[in-house]
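Commentary on secondary and tertiary structure
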Amino acid sequence: MRLCCHPVRRRLRELGYAVGRFPTGDRNALVDVPGVLVGHRTLIEGDRLRSGVTAILPHDGNLYADKVLGACHVINGYGKAAGLSQLAELGTIESPLLLTSTLSVGPVLEGGLRHVLDANPTAAVDRDTVNVIVAECFDGWLSDARSLAVRPEHALEAIAAASEAETSEGAVGAGTGTTCFGFKAGVGTASRRTAAHALGCLVCCNYGGRGDLHLLVGPAGHELGSAPEPPASGGSIVIVLGTDAPLSERQLRRLAGRATFGLGRAGSFGANASGEYALAFSTAQRIPHREEADALELRFLRDDSAGLRELFEAAAEVVHEAVLNALCVAEPMEGRDGNRVEALPYELLEAAPGVLPTP
């Protein structure tokens, strides 16, 4: 197979390919879920810094005062995420979801904490504390992770930049320095519309070595020669799913679990050092931080409903496509110590399993 460089990078569907059967949202992005905002702070400085922060806000109000239901499914727990134990216990999200580099979890958590404290003067004064969720991927092949360049203010800037129009992909935010299968990757996003609901996805992907490429694109992946690349033993991916469907925290955990099937289609098998996490939230209902009534009245889809079945199926689709979008959009990059990664050649998509030409 003759491979060539494509200087103009495009999304999967702009190249004439698609995955799955459900229609996309208007922007084919996480922000197609009404009210969801996304923001990035990208750090590219000199020849050693390729990092950043991505912020996802389930709504534009005060998340601490008006929480949303959420859940996490850990596919492979080789990671350093923060805030997940309280999420598992209470099933609510009360801060922006923040993504960054592995060694930057601490300062990014501080930035998220400052954001919540500034908006809530009584938080952490008496018995109330604050749970900030931060997930990570390691970008140390292209960026000098040991420099600890990401600071709390970068998290605040990502949150401040969040909007309902943000659909950037590739080397932005937390995906600035990440790779997949030895090619430049980063942030990818996609969405689906089921019969009654919207489902969106954003990934920061950083898994797979060149020797694993056949798992994504089929036999053509065996035809590429070896090249200097990030160590194949590590990597990671953070998957964030958002929906406007009325799902409980238990159902959201089940939905997050279905991301595993999309990740499998996208070539991951959960390598030993590949931390793989899926977060899910619903914008359908708000959970007040304080409420005089002893009970809340919430409505959820039935587990055996057609609506939940469609969401489960669509979850695999959006994860698969979001990973492919990250790879298709990302441009070649050179970083720390001359390490360089190329862009995915589009010819590899021609026989990729599950990737079909659009009519």
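What comes next concerns the included structure. Small disclaimer: the values here were computed from a predicted structure and weren't measured. (Residues numbered from 1 in each chain as written. Predicted model: local features only at pLDDT ≥ 70, side-chain atom pairs only at ≥ 80, totals over all residues. Heavy atoms only, no water.)

Looking now at the side chain of Asn325. Looking at where Asn325 falls in the secondary structure, it is placed in helix α6 (residues 306-329). For Asn325, the contacting residues outside a window of four places in its chain are Arg11, Leu12, Asn28, Glu169, Thr189 and Ala190. (Helix = DSSP H or I, 4+ residues; strand = E, 2+ residues; numbered from the N terminus. Contact = heavy atoms within 4.5 Å.)

Turning our attention to the packing of helix α5 (residues 249-265) against α6. Packing of α5 against α6 brings their axes to within 7 Å, and their N-to-C directions diverge by 40°. On the basis of their axis angle, the class for α5 and α6 is oblique. For the element pair α5 and α6, the recorded crossing hand is right-handed. Residues Gln251, Arg254, Leu255, Arg258, Ala259, Phe261, Gly262, Leu263 and Arg265 of α5 form the contact with α6, whose own contacting residues are Leu308, Leu311, Phe312, Ala315, Ala316, Glu317, Val319 and His320. Across the contact of α5 with α6, the residue classes tally to 10 nonpolar, 3 polar and 4 charged. (Axes fitted to C-alpha atoms, helices over the stretch in contact; angles between N-to-C directions. Parallel < 35°, antiparallel > 145°, perpendicular 65-115°, else oblique. Left-handed = near helix turned anticlockwise from the far one by under 90°. Nonpolar A, V, L, I, M, F, W, Y, C, P; charged D, E, K, R; others polar.)

Time to look at the sheet that holds strand β6 (residues 97-101). Ordered by their spatial adjacency, 4 strands build an open sheet running β2-β3-β6-β7, and the pairing between neighbours is mixed. Every interior strand has two partners, whereas the edge strands, β2 (37-45) and β7 (134-137), have only one. Pairwise comparison of adjacent strand axes, ignoring direction, gives a mean angle of 15° for this sheet. Here 3 bridges tie strand β3 (residues 49-57) to β6, and the two strands are oriented antiparallel to one another. Note on β6: the bridge partner recorded for Ala55 is Leu98. (Pairing = 2+ DSSP bridges.)

Before going further, it helps to examine the environment of Ala352. Mapped onto the secondary structure, Ala352 falls in the loop between β15 (340-341) and β16 (356-357). Among the residues examined, Ala352 registers a relative accessible area of 5% and is labelled buried. Sequence spacing of Ala352 and Leu216 is 136 residues, and the spatial spacing of their C-alpha atoms is 6.4 Å. Beyond its immediate sequence surroundings of up to four residues, Ala352 is in contact with Leu216 and Val217. (Buried < 20%, exposed > 50% of the residue type's maximum accessible area, 1.4 Å probe, protein only.)

Turning our eyes to something else, we now look at the pattern of salt bridges. On inspection of all chains with the given rule, the structure shows 18 salt bridges. Where Glu157 meets Arg41, a salt bridge forms, and the shortest distance between an N and an O atom there is 2.4 Å. With a gap of 116 residues between them, Glu157 in helix α3 (residues 152-160) and Arg41 in strand β2 connect regions that are remote in the sequence. For Glu157, a relative accessible area of 34% gives the class partly exposed. A relative accessible area of 25% places Arg41 in the partly exposed class. Put simply, Arg302 and Asp304 hold a salt bridge, and the shortest N to O gap is 2.8 Å. A single burial state applies to Arg302 and to Asp304, both of which are exposed. Linked through salt bridges whose partners overlap, the residues forming this network are Arg13, Arg192, Glu317 and Glu321. (Salt bridge = Lys/Arg side-chain N within 4 Å of Asp/Glu carboxyl O.)

Evaluated as defined, the whole model comprises 1 aromatic pair. An angle of 75° between the planes, with centres 5.3 Å apart, marks the rings of Phe181 and Tyr207 as edge-to-face. Taken together, the residues Phe181 in the loop between β8 (179-180) and β9 (183-184) and Tyr207 in strand β11 (residues 198-207) connect sequence positions 26 residues apart. By relative accessible area, which is 2% here, Tyr207 ends up buried. For Arg21, the ring lying beneath its charged end belongs to Phe22, and the centroid distance is 4.2 Å. A cation sits over an aromatic face here: Arg210 above Phe183, 4.1 Å from the ring centre. (Phe/Tyr/Trp six-rings, centres within 6.5 Å; stacked < 30°, edge-to-face > 60°. Lys NZ or Arg CZ within 6 Å of the ring centre and 35° of its normal.)

To continue, consider the pairing of β2. As judged from the 9 bridges shared by β2 and β3, these two strands associate in the antiparallel manner. Each residue of the ladder has a partner; that of His40, found in β3, is Thr54. Linking β2 to β3, which pair antiparallel, is a turn of 3 residues; within it Gly46 sits at a positive phi near 60°.

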